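# Coordinates in review
Letter by letter, the chains look like this.
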Amino acid sequence: MDYENLLVEREGAVAVITLNRPKVLNALSPALIAELTQVLDGFDSEPVVGAAVLTGGPKVFAAGADIADMADRTPVEQVQRDQTGRWSKVTSFTKPLIAAVNGYALGGGCELALMCDLIIAGDSARFGQPEINLGIIPGAGGTQRWPRTAGKYVAMEVNLGGQPIKAQRAYQLGLVNRVVPAEVTVRVAVQLAQRLASKAPLAARLAKEAVNQSLELPLKEGLAAERKNFYFLFATEDQKEGMHAFLEKRPAEFKGR
Ligand code: DAK
C-alpha cells in the first residue's frame, strides 16, 4: 500500500518503516503520525511480522513536529485533534520496535525515537529537545523519558538548554544501544530486528510489556506482573517447544502459540 508520508517495506519477518518528508527533514505532521499509527496497527496484527524498524533514512530521523502546522494552533484545537492520543499509540505496538537514527532526532523526532524499544544510532545522530527555543516544552514525553533514561541533570540540560547531544554521548548515557557508521545504521537495525523476530512471539511480547511496566510500577507490583507473565508462558506451545528443543539439541521452531 502507498503512503504519502512513509515508505513501508517488509524484509522477511521485519517491517521497515521510513519517515518520508525529506524536504522538511521528516517533520512530523499530523498526517504522518496518523499514517504511522495506522501502519503500526496493521503490522501488530500481522502474524508474519515479528519486529519493526522505524527510520528516517540515511540523512535525518526527524526534526520534530511540523512547526508550520503548529504555529497558529489554539489550545482547543490541540485538544480536539487528540495528537497526544495518536502519538501514544506508538508505544502500544506490542512487537519489538527499533529506531534506526541518522542525523537529527529533535523535538517530537527525539520523543518518537525514545518511544521505541531499542535505538541504533548512526555516528551522525543528534538527539535533542529544542522546543524551549520555540517557547514551548516537549509534548510527547521528552521531559519524562529523558530523566528515566539519562537522569535528571542531563534531562534538565537537554530540555532547558535546547542543544542536541551527539551519538557517542547518547551511547554513554545509555540512551542508545549502539553507535555505528551512518551508512549501515538501517542495515544493523534490520539485522537486529530479524534476530528479535526469530524469538518466541508471545515471550517477546510479554518481555517487552514487563520491561515497560518496570518504568511505571513499584518494584513489588512489577515483580508480581513479571511472575504472572512467566507462569502464563507455560501455557504456550512455544515454551514446550523451546525447552524440548534445547533438551533434544536442535533449534526451536516457534509458532506464536
Ligand atoms: N517543522 C517544519 N519544518 C521544518 C522543521 C520542523 N520541525 N525542521 C526543519 N524544517 C524545514 C525548514 O523550515 C526548511 O524548510 P524550507 O525553508 O527549505 O522550506 C527545511 O526543513 C530544511 O531545514 P533547514 O534549512 O532549517 O535545515 P538546516 O540543516 O539548516 O537546519 C535543523 C536543520 C534541524 C537544525 C533546523 O531545521 C531546525 O532547527 N529545525 C527545527 C527543530 C525544532 O525546533 N524541532 C522541535 C519542533 S517542536 C505533541 C507531540 C510532539 C510535539 C508536540 C506535541 N503532542 C502529542 C501533543 C513536538 C513538538 C516539536 O517537535
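Below, the structure is looked at part by part.

Rules used in this analysis
Residues numbered from 1 in each chain as written. Predicted model: local features only at pLDDT ≥ 70, side-chain atom pairs only at ≥ 80, totals over all residues. Heavy atoms only, no water. Helix = DSSP H or I, 4+ residues; strand = E, 2+ residues; numbered from the N terminus. Rg over C-alpha atoms; globule rule 2.2 N^0.38 Å. Buried < 20%, exposed > 50% of the residue type's maximum accessible area, 1.4 Å probe, protein only. Polar contact = N/O pair within 3.5 Å; in protein donor to acceptor, adjacent residues only side chain to side chain. Contact = heavy atoms within 4.5 Å. Near = heavy atom within 4 Å. Areas by Shrake-Rupley, 256 points an atom, 1.4 Å probe, with all protein chains shown as cover. Nonpolar A, V, L, I, M, F, W, Y, C, P; charged D, E, K, R; others polar. Pairing = 2+ DSSP bridges. Axes fitted to C-alpha atoms, helices over the stretch in contact; angles between N-to-C directions. Left-handed = near helix turned anticlockwise from the far one by under 90°.

## Details of the overall build of the protein
The helix and strand tally for the protein stands at twelve helices and nine strands. Relative to the 2.2 N^0.38 estimate, which gives 18 Å for 257 residues, the radius of gyration of the protein is 19 Å and therefore close to what a compact globule would have. For the protein, the spread of C-alpha atoms along the principal axes amounts to about 60 × 45 × 40 Å. Within the span of the protein, comprising 257 residues, buried residues form 42% of the whole.

## Some remarks on the side chain of Thr94
Among the secondary structure elements, Thr94 is positioned in the loop between helix 4 (83-88) and strand 4 (97-101). Polar side-chain contacts of Thr94 include one of 2.7 Å to the side chain of Asp44. When near neighbours in sequence (up to four residues on either side) are disregarded, Thr94 contacts Asp44, Arg205 and Lys208.

## Digging into the site of the ligand
Close contacts around the ligand come from 23 residues, with Val24, Ala63, Ala65, Ile67 and Gly108 the closest. The contact in question runs from a nitrogen atom of the ligand to an N or O atom on the backbone of Ala63, over 2.9 Å. Note that an oxygen atom of the ligand is positioned 2.8 Å from one of the backbone N or O atoms of Gly108. About the coverage of the ligand: the protein hides 61% of its 1100 Å² of free accessible area. In terms of residues, the shell around the ligand owes the most to one element, helix 4, which gives three residues. Grouping the constituent residues of the shell around the ligand by class yields 13 nonpolar, six polar and four charged.

## Points about the pairing of strand 6 (residues 118-122)
The buried count for strand 6 comes to five of five residues, which makes it a mostly enclosed element. The two faces of strand 6 match: Leu118, Ile120 and Gly122 on one face and Ile119 and Ala121 on the other face are all buried. Pairing between strand 4 and strand 6: four bridges, direction parallel. In the strand pairing of strand 6, Val101 is matched with Ala121.

## What to know about the environment of Ala197
Within the secondary structure layout, Ala197 lies in helix 9 (residues 185-197). Exposure remark for Ala197: the relative accessible area of 18% places this residue in the buried category. Separated by 56 residues in sequence, Ala197 and Gly141 place their C-alpha atoms 27 Å apart. Leave out the neighbours within four places in its chain, and Ala197 touches Ala13, Val14, Gly50 and Ala51.

## Digging into the packing of helix 6 (residues 142-150) against helix 7 (residues 152-161)
Look at helix 6 against helix 7: their axes get within 7 Å of each other, and the N-to-C directions meet at 140°. The crossing of helix 6 and helix 7 is right-handed. In contact with Gly142, Thr143, Trp146, Pro147 and Ala150 of helix 6, helix 7 contributes Lys152, Val154, Ala155, Val158 and Asn159. Looking at the contact of helix 6 with helix 7, its residues break down into six nonpolar, three polar and one charged.

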